[in-house]
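Reading the structure
Residues per chain are reported as follows:
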Amino acid sequence: MTSFTAELEQRLARWREQNLFRELFRVDSAQGPRIEIGGTIYLNFSSNDYLGLADHPALKHAAQKAIETFGAGAGASRLICGSLAPFHDLEDALAAFKQTEAALTFATGHAAALGTICALFGKDDILILDKLVHACIVDAARLSGAKLRIYDHNDLNDLEEKLKWAAGKYRDQKPACQIMIVTESVFSMDGDRAPLREIVALKEKHGAWLMVDEAHATGIIGQHGRGMADELGVAKQIEIHMGTLGKALGASGGYICGSRLLVDYLMNRARSFVFSTAPVPAAAAAAKAAILIAKSAEGEQRRKNLFQRVAELNSVFKLEKTTSGSAIVPLILGDEKKATDCAARLRAQKVFVPAIRYPTVARNSARLRITLTAAHSAVDIAELISALKISGIQCQFPT
Ligand SMILES: *Cc1c(COP(=O)(O)O)cnc(C)c1O
């Protein structure tokens, strides 16, 4: 016991020295533009609840109704004790929303990535990942045992180089190998977009497959918020569409959309689906209600509000890395301590913005990650800007 304690103390001390120690802030209110922490109300710019649906009456009502009919828990894996109706209703709604043949839902987006990639790829296959893809895709790729190639972020030349090697030299030796590119459409920590059309052209040219993680685009980009692949007209050429139900869709869970064959295969072989108790039916019902809102006039209005807020924030100051095509505004500060200090200074002004550090982003690229939602008002943005100014945070304000 003493050696265990000593070891953990030492490891955490090293972690602290590097300014990487994290802690949880207990929140005593629902997600929204304002949250309560320790009895104080903070203006919240930390949530991925982009459409402001997490606390929406329609989602809460749908969840409550599902609890009344189907109970609090799902009992077992859907393959074991029967598959509750809310999951089927949700998957039908998702497939219709994403205009794919079928959809399969998982407990989280993380579980969707792990289950899907490991079910499809093994040691002779090649996965080619954008350098900035989410940790769950990196974990999945490693666990699958496939050969990994990482291309520089959004760098089509580097991607093509990797594709040429995989589809040439490597495939000559291993004719049965499969090659897949994995990218996000909107990147989670930078808020920038992938050149999806060009990536699709490259994967077709070299006979590879493509998986696109739309975690930060689903619900807010494209017609009805279907995502960026839809907006660019390349959705039909993408083998695997992935996303989460926990961000713009305000609920919880992950999804894979694609062909009926893909879904049948994953239902049989994705271990995070097969060997895991189904999520609570309330989450599925809430996610389905969110999809209906995303497709409605209300959803359209919410997207308009969201991008109005993004424009307001971007118009007043020029960030090192300006993005206007997503709800994520990263303020890159570099030094880890600087990022946590800046976040603390904002909290002192009752503004809650997370400091994002390694291993979520590369070392020395720590940042404040500001996320906007449809539920923010123009006044909220003005307050954020004024708090940033008062904190003396170095982001080039126009003179
Ligand atoms: C959040 C996120 C996930 C994981 O989804 P969860 O439902 O939160 O597990 C996957 N990919 C990206 C890009 C994400 O940002």
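Summarised in this report is the structure supplied together with it. (Residues numbered from 1 in each chain as written. Predicted model: local features only at pLDDT ≥ 70, side-chain atom pairs only at ≥ 80, totals over all residues. Heavy atoms only, no water.)

What about the environment of Arg 171?
Test applied: The numbering of helices and of strands both runs from the N terminus, where a helix is a DSSP run of H or I of at least 4 residues and a strand a run of E of at least 2. Three exposure classes are used, based on accessible area relative to the maximum for each residue type with a 1.4 Å probe and protein chains only: buried under 20%, partly exposed in between, and exposed over 50%. Any pair of residues with heavy atoms lying within 4.5 Å of one another is described as a contacting pair.
Tracing the backbone shows Arg 171 in helix α6 (residues 156-173). Here Arg 171 falls in the partly exposed class, since its relative accessible area comes to 21%. Separated by 46 residues in sequence, Arg 171 and Asp 125 place their C-alpha atoms 9.3 Å apart. In contact with Arg 171, not counting residues within four places along its chain, are Ala 166, Cys 177, Ile 179, His 206 and Gly 207.

Notes on the packing of aromatic side chains
As a reminder, the rule being used: When two rings of Phe, Tyr or Trp (its six-membered ring) have centres within 6.5 Å they constitute a pair, described as stacked for plane angles under 30 degrees, edge-to-face for angles over 60, and tilted for the intermediate range. Throughout this description, the term charge over a ring refers to an Arg CZ or Lys NZ atom that lies within 6 Å of the ring centre and within 35 degrees of the ring normal.
According to the stated counting rule, one finds six aromatic pairs in the structure shown. Through pairs of rings, three or more aromatic residues link up here, namely Phe 25, Tyr 42 and Phe 352. The cationic tip of Arg 149 hangs over the ring face of Trp 165; the distance from NZ or CZ to the ring centre is 4.2 Å. The positively charged end of Arg 363 is found above the aromatic ring belonging to Tyr 358, 3.9 Å away from the centroid.

Comments concerning the site of the ligand
The condition that has to hold: A single heavy atom is enough: if one lies within 4 Å of a molecule or strand, its residue is considered near that molecule or strand. Polar contact is the term for a pair of N or O atoms within 3.5 Å; when the atoms are in protein, one must be able to donate a hydrogen and the other to accept it, and sequence-neighboring residues count only if both atoms are side-chain atoms. Only the protein chains shown count as cover for residues, with accessible areas throughout obtained via the Shrake-Rupley method and a probe of 1.4 Å. Just so you know the grouping, Ala, Val, Leu, Ile, Met, Phe, Trp, Tyr, Cys and Pro go in nonpolar, Asp, Glu, Lys and Arg go in charged, and all remaining residues, Gly too, go in polar.
Residues in close proximity to the ligand total 14 residues, the closest being Gly 109, Asp 213, His 216, Thr 244 and Lys 247. Contacts to the ligand include Lys 247, whose side-chain N or O atom sits 2.5 Å from an oxygen atom. With the chains in place, 83% of the 380 Å² that the ligand exposes on its own is no longer accessible. Of all elements in the fold, only α4 (109-120) and β8 (240-244) reach the threshold of two or more residues within the shell around the ligand. Of the residues contributing to the shell around the ligand, the split by class is three nonpolar, eight polar and three charged.

Structural notes on the pattern of salt bridges
Which entries qualify depends on this criterion: Criterion for a salt bridge: a side-chain nitrogen of Lys or Arg within 4 Å of a carboxyl oxygen of Asp or Glu.
Following the criterion strictly, the structure yields 19 salt bridges and no others. In this structure, the salt-bridge partner of Asp 158 is Lys 162, at a minimum N-O distance of 2.9 Å. Of the two residues, Asp 158 and Lys 162 both sit in helix α6, four residues apart, roughly one turn of that helix. Lys 203 is paired through a salt bridge with Glu 239; the nearest N and O atoms lie 3.0 Å apart. You can see Lys 203 sitting in helix α7 (residues 196-205) and its partner Glu 239 sitting in the loop between α8 (228-231) and β8, a full 36 residues away along the chain. A relative accessible area of 29% means that Glu 239 is categorised as partly exposed.

A look at the environment of Ala 166
For Ala 166, the position within the fold is in helix α6. Residues in contact with Ala 166, not counting those within four places in the same chain, are Ile 126, Ile 128, Arg 171 and Ile 179.

Structural notes on the sheet that holds strand β11 (residues 351-352)
The condition that has to hold: Between any two strands, at least two bridges found by DSSP are needed for them to pair.
Taken together, three strands build an open sheet; the order of strands is β1-β2-β11 and the sheet is mixed. The strands lining the two open edges of the sheet, one partner per strand, are β1 (34-37) and β11. In this structure, strand β2 (residues 40-44) lies alongside β11, joined through two bridges in parallel fashion. Looking across to β11, one finds that Leu 43 is bridged to Val 351.

Observations regarding empty space enclosed by the protein
Using a probe with the size of a water molecule, rolled over the atoms, empty space left in the structure can be pinpointed. The condition that has to hold: Detection works on a 1 Å grid of protein atoms alone, calling trapped sets that fit a 1.4 Å probe cavities and calling open sets with protein on both sides within 12 Å along at least five of seven lines pockets, with lining residues defined by an atom within 4 Å of a point. Grid points are joined across faces, edges and corners, and a volume is the space filled by probe spheres set on the points.
Counted according to the given criterion, the structure contains four cavities of 30 Å³ or more. Quantified by volume, the largest cavity comes out at close to 70 Å³. As for the largest cavity, its lining consists of Ser 77, Arg 78, Phe 87, Thr 105, Phe 106, Ala 107, Ser 272, Phe 273, Ser 276, Thr 277, Ala 278 and Pro 279. Elements with a contribution of two residues or more to the lining of the largest cavity: β3 (102-106) and α10 (271-274). Of the volumes computed, that of the second largest cavity is approximately 60 Å³. Every residue along the wall of the second largest cavity is listed here: Gly 32, Pro 33, Asn 44, Phe 45, Ser 46, Ser 47, Asp 49, Gly 52, Thr 371, Thr 373, Ala 375 and His 376.

Description of the packing of helix α12 (residues 297-316) against helix α14 (residues 378-390)
What counts is decided by this rule: Between the N-to-C directions of two axes lies an angle of 0 to 180 degrees, each axis being a line fitted to C-alpha atoms and, for a helix, fitted only over the stretch in contact. An angle below 35 degrees is read as roughly parallel, one above 145 as roughly antiparallel, one from 65 to 115 as roughly perpendicular, and any other as oblique. Two helices that cross are described as forming a left-handed crossing if the nearer one is turned anticlockwise from the farther one by less than a right angle, and a right-handed crossing if clockwise.
Between α12 and α14, whose axes approach to 10 Å, the crossing angle comes to 30 degrees. For the element pair α12 / α14, the angle class is roughly parallel. Here α12 and α14 pass one another in a crossing that is right-handed. On the side of α12, the interface is formed by Arg 309, Glu 312, Leu 313 and Val 316, while α14 contributes Ala 378, Ile 381, Leu 384 and Ile 385. Here the residues of the contact of α12 with α14 sort into six nonpolar, no polar and two charged.

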